[in-house]
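Summary of the model geometry
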Amino acid sequence: MKLIKRSLPFLLALCMMFGSYSLTASATETTTESVILNVGDTYTLTTSTDSAITYTDDGIVSVTTDITLHDHVSNTAYSLESFSDSVSTATLSQAEFTLQEAEIADSYYVYNEYAKVYLTNNQIASTFFSSNKANRIVFTPVENSDGTVSYRICKGNGNRYIMFYAQEMNFNSTTDY
């Protein structure tokens, strides 16, 4: 059985949207990114929070940035006002899900160790997550026009696609894609 760990903040957002779980821990996480530049190269890092920048004599620059999460508090269409001004107590490590290969190729059981739940993507919000391993989830890669790759995420039977619903600024499901 193959286990793959991935941090999926969108699933944490689902967790927070449905208010099913109490998440308590540090409010921020530190991330690390390594960039190698040749002479004449430029690199721009844009952050939404304060960053600590450290320079060394050998040309190494260290930028430390804290990533914060904010709870979904309202369904204000197309607006970041839908999220709390206060930093959540949830951390990115609490959003880590394990993808466990299912019996059918290219499908997975998606499990959150912190909350001890599986993503089921069932018909109503109260059953979107369950302590029971109920539904296989499929991640189908889709190449975008700009060359990046997105994923269509749905139940193993090919319906109930997870999507970002901008009218309520949250994640939801739709029967068909």
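Data block above holds the structure.
Small disclaimer: the values here were computed from a predicted structure and weren't measured.

A few words now on unusual backbone geometry. Apart from glycine, the bulk of residues carry a negative phi angle, and the bulk of peptide bonds sit in the trans form. Phi is positive for lysine 116, close to 60°, though the residue is something other than glycine. Within the fold, lysine 116 resides in the loop between β6 (108–112) and β7 (117–119). For lysine 116, a relative accessible area of 43% puts it in the partly exposed group. Backbone geometry places arginine 160, a non-glycine residue, at a positive phi of 65°. Relative to the helices and strands, arginine 160 is located in the loop between β10 (149–155) and β11 (161–165).

Pairing between side chains becomes possible if they bear opposite charge and their charged atoms approach one another. With the rule as written, the count across this model stands at 1 salt bridge. Ionic pairing is found between glutamate 113 and lysine 116, a salt bridge with its closest N-O pair at 2.6 Å. With relative accessibility at 45%, the residue glutamate 113 sits in the partly exposed group.

Along the chain, the position of tyrosine 114 falls in the loop between β6 and β7. Along the primary structure tyrosine 114 and phenylalanine 97 are separated by 17 residues, whereas in three dimensions their C-alpha atoms are 8.8 Å apart. Separated by 3.3 Å, the side chains of tyrosine 114 and glutamine 94 make a polar contact.

Take serine 82: it is sitting in the loop between β4 (61–68) and β5 (96–101). For serine 82, a relative accessible area of 0% puts it in the buried group. Residues within four places of serine 82 in sequence aside, it is in contact with Asp71, His72, Val73, Ser74, Asn75, Thr76, Glu168 and Met169.

The next subject is the pairing of β6. For β6, the tally of buried residues reaches 5 of 5 residues, placing the bulk of the element in the interior. Residues Tyr108, Val110 and Asn112 line one face of β6 and the alternating positions Tyr109 and Tyr111 line the opposite face, and both faces are buried. Of the strand pairs in this sheet, β5 and β6 are connected by 5 bridges, and their pairing is antiparallel. Opposite threonine 98, over in β6, you have tyrosine 111 as the bridge partner. Judged from the 2 bridges that link them, β6 and β7 form a sheet pairing that is antiparallel. Residue pairing for β7: tyrosine 111 is matched across the bridge by tyrosine 118.

The next thing to look at is the packing of aromatic side chains. The geometry of two aromatic rings is summed up by the distance between their centres and the angle between their planes. A full pass over the atoms with the stated rule returns 5 aromatic pairs. When the centroid spacing of 6.2 Å and the interplanar angle of 65° are considered together, the rings of tyrosine 108 and phenylalanine 139 count as edge-to-face. One end of the pair, tyrosine 108, is in strand β6; the other, phenylalanine 139, is in strand β9 (residues 137–143), with 31 residues separating them in the sequence. For the pair tyrosine 108 and phenylalanine 139, a shared accessibility class is recorded, and that class is buried. Ring plane angle 75° and centroid distance 5.2 Å describe the contact between phenylalanine 164 and phenylalanine 171, whose orientation is recorded as edge-to-face. The structure contains a cluster of three or more aromatic residues connected by ring pairs, namely Phe97, Phe128 and Phe129. Lysine 133 extends its terminal NZ or CZ atom over the ring of tyrosine 109, reaching a point 4.9 Å from the ring centre.

Each value, and the rule that gives it
- Residues numbered from 1 in each chain as written.
- Predicted model: local features only at pLDDT ≥ 70, side-chain atom pairs only at ≥ 80, totals over all residues.
- Heavy atoms only, no water.
- Helix = DSSP H or I, 4+ residues; strand = E, 2+ residues; numbered from the N terminus.
- Buried < 20%, exposed > 50% of the residue type's maximum accessible area, 1.4 Å probe, protein only.
- Salt bridge = Lys/Arg side-chain N within 4 Å of Asp/Glu carboxyl O.
- Polar contact = N/O pair within 3.5 Å; in protein donor to acceptor, adjacent residues only side chain to side chain.
- Contact = heavy atoms within 4.5 Å.
- Pairing = 2+ DSSP bridges.
- Phe/Tyr/Trp six-rings, centres within 6.5 Å; stacked < 30°, edge-to-face > 60°.
- Lys NZ or Arg CZ within 6 Å of the ring centre and 35° of its normal.

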